[in-house]
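Now for the letters of each chain:
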Amino acid sequence: PTASATLPPKFELIISHIKMMDRTIGWAVGQFQIDGEKHILRTTDGGGTWHDVSPGQLEPFGGVPAFFLDSQLAWVWGRSQVGTWRTEDGGQSWTTVGSIYGQHDVWFNDSQHGWKMMATLWGLSYVQFDIDSFATTQDGGETWEEANPPPGVGSTFIAFPSEYVAWAIRAGFTKVDYGIHNLAVTFYVHSTSDGGGTWKSYA
């Protein structure tokens, strides 16, 4: 083909999150210099080239609005109720699923079972860290059922080794002068083996 006299402009791509599945195939969340929107990207040559496989317009906000399970399966969502999408073919096609919108922490153990948590940075009393939603899915994100969140207050860090087992660390807040809150020294560890039905606590 004959080269064009004017080349298309090049814009800087800033990748904020990347997950490689092997040495060649991987996913990323990026942002082009021109639009400020989040984009879902995929590579099949070890990061040499990236292809935009975004399912729709994703509003820019903090955190990673996607979960990548393997080389083919992923979930993507936006800040508001504009859509939640799932792909099973590496982003070639997307289908809408039950809403995950907002700054959720989302984790899938397989194609059907997953967890999501949404928390408020500062609680209603401005002293604690509230978990607003803690739910599980057994149908790939089509529907979510609320479960009991880890007990206590404070920042929460959770690991999900299986569809029923989760471990949580909660770090409480302590109040100091001028209304400033710092992490307390004490940390609490909680675990569930029934999908959030009940929790055991360890001091």
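Above this text sits the structure in question.
All residue numbers refer to position in the chain's written sequence, counted from 1. Selection of residues for local features in this predicted model requires a pLDDT of at least 70, selection of side-chain atom pairs for listing and counting requires 80 or more, and totals for whole chains, interfaces and linings are taken over all residues. Neither water nor hydrogens contribute to the side-chain values; these are computed over all heavy atoms in the structure.

Enquirer: How should I be thinking about the overall build of the protein chain in this particular structure?
Expert: Within the protein chain, the secondary structure is distributed over zero helices and 16 strands. Buried means the residue's accessible area, taken with a 1.4 Å probe over protein chains only, is under 20% of the maximum for its type, while exposed means over 50%, and partly exposed covers the values in between. When each of the 203 residues of the protein chain is scored for burial, the buried share is 37%. Contacts are assigned to residue pairs with any non-hydrogen atoms lying within 4.5 Å of each other. In the protein chain, once contacts between residues fewer than 6 apart in sequence are set aside, the share between residues at least 24 apart is 35%. The Shrake-Rupley method, run with a 1.4 Å probe sphere, supplies the accessible areas, and residue values consider only the shown protein chains as cover. A total of about 11500 Å² of accessible surface is found on the protein chain, and carbon and sulfur atoms cover 55% of it. Helix and strand labels come from DSSP, where a helix needs a run of H or I of at least four residues and a strand needs a run of E of at least two; each type is numbered from the N terminus.

Enquirer: Explain the environment of Gly-91 to me, please; I cannot follow it from the model alone.
Expert: With respect to the helices and strands, Gly-91 occurs in the loop between strand S7 (84-87) and strand S8 (95-96). Residues in contact with Gly-91, not counting those within four places in the same chain, are Trp-27 and Val-53.

Enquirer: Would you mind showing me how to read the sheet that holds strand S10 (residues 114-120) here?
Expert: To summarise the sheet geometry, strands pair through backbone hydrogen bonds and adopt either a parallel or an antiparallel arrangement. Overall, antiparallel pairing links the four strands, which are arranged S9-S10-S11-S12 in an open sheet. A single partner strand is all that each edge strand has here, and the edge strands are strand S9 (105-108) and strand S12 (145-146). The sheet contact formed by S10 and strand S11 (residues 130-137) spans seven bridges and is antiparallel. Within S11, the residue paired with Thr-120 across the bridge is Asp-130. Being paired, for any two strands, means DSSP has found at least two bridges between them.

Enquirer: Just checking my understanding: could you explain the pairing of S7 for this structure?
Expert: Every other side chain in a regular strand lies on the same face of the sheet, so the side chains alternate between the two faces. Alternating residues of S7 divide into Thr-84 and Arg-86 and Trp-85 and Thr-87, and every residue in both groups is buried. Here S7 runs beside S8; their pairing, made up of two bridges, is antiparallel. Note that in S8 the partner of Trp-85 across the bridge is Thr-96.

Enquirer: What is the right way to read the sheet that holds S8 from this model?
Expert: On the basis of which strands lie adjacent, the open sheet formed by four strands has the order S5-S6-S7-S8 and antiparallel pairing. Among the strands making up the open sheet, the edge pair consists of strand S5 (66-68) and S8. Relative to S7, strand S6 (residues 74-77) runs antiparallel, the two being bridged by four bridges. The residue bridging Trp-77 from the neighbouring strand is Thr-84, located in S7.

Enquirer: Explain the environment of Glu-12 here, please?
Expert: Of note, Glu-12 is situated in the segment before strand S1 (13-20). A residue is classified by how much of its surface remains accessible, and Glu-12, at 46% relative accessible area, is partly exposed. Each C-alpha atom of the pair Glu-12 and Phe-32 lies 5.9 Å from the other, and the pair is 20 residues apart in sequence. Beyond its immediate chain neighbours, meaning those up to four positions away, Glu-12 contacts Gln-31, Phe-32 and Gln-33.

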